[in-house]
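# Summary of structural features
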Amino acid sequence: MRVSVIGGGRIEDEATARAEAVGRELGRRGHTVVCGGLGGTMEAVCRGAKSEDGSTIGILPTERPGDANDYVDIPIATGLGHARNALVPLNGEAVIALAGSHGTLSEIGFAGVYDRPIVGLETHDVPGVETVETPEAAVDAVEAAVSD
């Protein structure tokens, strides 16, 4: 399945390791990562997925596919700026939310609007977000939510 992974564009080492672990787990299980395609969480999750031969899609805020991080297989240029935040959760069957700020919160909101299952790992405490403790548990939870 396609799983949207959302989180901060600028993150610290611990958040980078967590995002990369989520990407590895998704890649290992054969899922496609959908993200915003730039740096921070987006680059780390794509790097993790690619390390396990996973596939990645980056939905970019810019007009240039070349702006995608080096681990994006399919860059989708939108030219929409932050308005592209609606498209990231729309293009996954479920969402894994990691640490982030206002943009991440807006993507969580859109995931709810689109009725996508949302699993949170060190992210905003928002109604409708199932909180888990590990990358493995995050992937288990989205798989369970989509199979129901």
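Now for a description of the structure that goes with this document. (Residues numbered from 1 in each chain as written. Predicted model: local features only at pLDDT ≥ 70, side-chain atom pairs only at ≥ 80, totals over all residues. Heavy atoms only, no water.)

## Quick look at helix H1 (residues 13–28)
The condition that has to hold: Helix and strand definitions here come from DSSP, where helices need a minimum of 4 consecutive H or I residues and strands a minimum of 2 consecutive E residues; each element is numbered from the N-terminal end. One less than the residue count of a helix, multiplied by 1.5 Å, gives the span that helix is expected to have. Under the scheme applied here, a residue whose accessible area is under 20% of the maximum for its type counts as buried, over 50% as exposed, and between as partly exposed, the area being computed with a 1.4 Å probe on protein chains only.
Counted at 1.5 Å a residue, the expected span for H1 with its 16 residues is 22 Å, and the 22 Å between its end C-alpha atoms agrees. Of the positions making up H1, those classed as buried are Ala 15, Arg 18, Ala 19, Ala 21, Val 22, Gly 23, Glu 25, Leu 26 and Gly 27. Positioned one or two residues after H1, Gly 30 has a phi angle of 85°, which is positive.

## Digging into the packing of aromatic side chains
As a reminder, the rule being used: The rule is short: rings of Phe, Tyr and Trp, with Trp giving its six-membered ring, pair when the centres are within 6.5 Å, and they are stacked under 30 degrees, edge-to-face over 60, tilted in between.
The tally for this structure, following the rule as stated, stands at 1 aromatic pair. Consider the rings of Phe 110 and Tyr 114, whose centres lie 6.2 Å apart with planes at 20°: the pair is stacked. Take Tyr 114: its relative accessible area is 25%, and that puts it in the partly exposed class.

## Quick word on the side chain of Thr 104
Basically, it comes down to this: Polar contacts, as used here, are pairs of N or O atoms within 3.5 Å; protein pairs need one atom able to donate a hydrogen and one able to accept it. Residues neighboring in sequence count only if both atoms are side-chain atoms. We call two residues in contact whenever any of their non-hydrogen atoms come within 4.5 Å of each other.
Position of Thr 104 relative to the elements: it lies in helix H4 (residues 102–113). Judged by its relative accessible area of 3%, Thr 104 is buried. Of note is the side chain of Thr 104, whose polar atom sits 3.5 Å from the backbone oxygen of Gly 7. In contact with Thr 104, other than residues within four places in its own chain, are Ile 6, Gly 7, Gly 8, Leu 98, Ala 99, Thr 123 and His 124.

## Looking at the packing of H1 against helix H2 (residues 41–51)
For clarity, the cut-off: Axes, fitted as lines to C-alpha atoms, cover a helix only where it is in contact. Angles between the N-to-C directions of the axes lie from 0 to 180 degrees. Angle categories: roughly parallel below 35 degrees, roughly antiparallel above 145, roughly perpendicular from 65 to 115, and oblique for all the rest. Handedness of a crossing is defined here by the sense of rotation of the near helix relative to the far one, left-handed for an anticlockwise turn of less than a right angle and right-handed for a clockwise turn. Polar here means any residue outside two lists: the nonpolar Ala, Val, Leu, Ile, Met, Phe, Trp, Tyr, Cys and Pro, and the charged Asp, Glu, Lys and Arg; Gly therefore counts as polar.
Packing of H1 against H2 brings their axes to within 6 Å, and their N-to-C directions diverge by 40°. The orientation of H1 relative to H2 falls into the category oblique. Along this stretch, H1 crosses H2, giving a crossing that reads as right-handed. Residues Thr 16, Ala 19, Glu 20, Val 22, Gly 23, Arg 24 and Gly 27 of H1 form the contact with H2, whose own contacting residues are Thr 41, Ala 44, Val 45, Arg 47, Gly 48, Ala 49 and Ser 51. Along the lines of polarity and charge, the residues of the contact of H1 with H2 split into 5 nonpolar, 6 polar and 3 charged.

## Regarding the side chain of Asn 85
For Asn 85, the location among the structural elements is in the loop between strand S4 (74–77) and helix H3 (87–90). Among the polar contacts made by the side chain of Asn 85, one reaches the side chain of Ser 106 at a distance of 2.9 Å. If we skip the residues at most four places from it in the chain, Asn 85 touches Gly 103, Ser 106, Glu 107 and Phe 110.

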